[in-house]
Every structure is written in C-alpha cells, then in structure tokens.
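# Per-entry structural report
Residue strings, one per chain:
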Amino acid sequence: SQRGYFSGGNPSSISTIQRIDFANDTVEATRKGNLAVGRFQGDACSSTDYGYVGGSTPGPGKSDVYRIDYSNDTADAPQRTYLSSASYGRGAVSNKDYGYWAGGTPSPTPISTIDRLDFANDSATALAKGPLANIRNNPTATGNASYGWFGGGYGGSGMISKVDRIDYFNDTATASPRGNLSYSVQLFAAAGNANY
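This section reports on the structure supplied with the text. (Residues numbered from 1 in each chain as written. Predicted model: local features only at pLDDT ≥ 70, side-chain atom pairs only at ≥ 80, totals over all residues. Heavy atoms only, no water.)

### Describing the sheet that holds strand S9 (residues 98-102)
Strand order across the open sheet formed by four strands is S8-S9-S10-S11, with antiparallel pairing between neighbours. If you trace the sheet from one side to the other, it starts and ends with strand S8 (91-94) and strand S11 (127-129), each paired once. Taking each pair of neighbouring strands and ignoring which way they run, the sheet shows an average axis angle of 30°. Two elements, S9 and strand S10 (residues 114-118), share five bridges in a ladder whose sense is antiparallel. Residue pairing for S10: Ala102 is matched across the bridge by Ile114. (Pairing = 2+ DSSP bridges. Helix = DSSP H or I, 4+ residues; strand = E, 2+ residues; numbered from the N terminus. Axes fitted to C-alpha atoms, helices over the stretch in contact; angles between N-to-C directions.)

### Focus on the side chain of Thr81
Structurally, Thr81 is set in strand S7 (residues 79-87). Residue Thr81 is classed as buried on the basis of its relative accessible area, which comes to 2%. In terms of polar contacts, Thr81 uses its side chain to reach the backbone carbonyl oxygen of Ala124, at 2.8 Å. For Thr81, the residues in contact, after removing those within four places along its chain, are Ser63, Asp64, Val65, Leu117, Asp122, Ser123, Ala124, Thr125 and Ala126. (Buried < 20%, exposed > 50% of the residue type's maximum accessible area, 1.4 Å probe, protein only. Polar contact = N/O pair within 3.5 Å; in protein donor to acceptor, adjacent residues only side chain to side chain. Contact = heavy atoms within 4.5 Å.)

### Quick word on the environment of Ser157
Here Ser157 lies in the loop between strand S13 (147-151) and strand S14 (163-167). With 10 residues separating them along the chain, Ser157 and Asp167 place their C-alpha atoms 27 Å apart.

### Some words on the sheet that holds strand S1 (residues 3-7)
Within the open sheet, the three strands sit side by side as S1-S2-S3. Their pairing is antiparallel. In the strand order of this sheet, the two ends are held by S1 and strand S3 (30-34), each with one partner. In this sheet, adjacent strand axes meet at a mean angle of 30° when their direction is disregarded. Relative to strand S2 (residues 16-21), S1 runs antiparallel, the two being bridged by five bridges. The residue bridging Arg3 from the neighbouring strand is Asp21, located in S2.

Take a look at the structure:
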C-alpha cells in the first residue's frame, strides 16, 4: 500500500480515521471516513485491499471488527465481523492471507488467546488459534511473510519482556518463545520489514 491509516483512540473513544500518503509524508494527515463506533485500545492489521480494526474498550472489551475499504476510504468503516471473544489491549499482525489478534484482557487477568481472521472470508467470525506461550495484555506485534512476533505487555504480575512467535504455516500450535526484548515494557509500538 502507498498509504497508512490511523484510527480511533483516546480521549472519549474517538472514531476518526486519518490517512498519510507515504509519497508525500511531510503533509498533515487527511481525515477520511470514521469507524462506525468510537474505539480506543483497539488494534489493526491489513490485507491488500482493506484495513481491519478489532478488539477495544470501553467496558470489559469488545469483539467487533471494523473494515476500512482502501478504495473508498471517505466512507465510514462498517462493522464487518467479530473476534472469537471480547477483549482489549491486544496486539495485531497480518500476512497476505490472514490477520491475527493476540493477548489482551476481558478482565483484570491477561489472556493468551490468538484469533485469526481469514481475509478471503472476512464476514466469518475469527477462529481461535495458538495460543501464545505467555499470557499478556498490551503487547505489540510485528511480522514478515512467514511469522508474527508478539512482544512485551503486562503478564499478570507485572510488565514482561517475553517474545512469542506465531508460525503462519502452523498456527494451531502454541506460539514459540523467542529471544526477549531488552527490557520489560507495555503500551508501546512496533514495525518491521522482511528481516528486522
């Protein structure tokens, strides 16, 4: 994609979608359509044609997923489907075929659930996969064509530095523990390319 999209946030569970143009990134982001409902602490992933925003507060978490149509991004993003359970504070990552949301919390206790959305059948409820090797709330995620990495977060008794890796070709298996982050952290951001 030649554009990046930002949506939702705090204060007050806003619904705004903003778009930046990668080829002209010194220009202020442009307001586009809105999420159908305001959300914060949601996480997003992307297929070639759509952006998906799922899992969020308020309340004990939400399971609804909203879809941004890149070819018609001035339109409001409607609810498209659901994750397998309500939660907030997840991490999200995707490859060309699937989007994955993992971790989060529906209550004070973090969970290890991984949900997979099939982009080719995106009106169907996401399927539970995995799980992560470690429970965590507020992780962040990055990935390449073969794997997704979920790092950090709140592990139930404090922040953690653990990193779990999902194998996209064997996503029913428990995610593999990998090398730790250099320090424990939550509520942070991640990005990646094919190698790093």
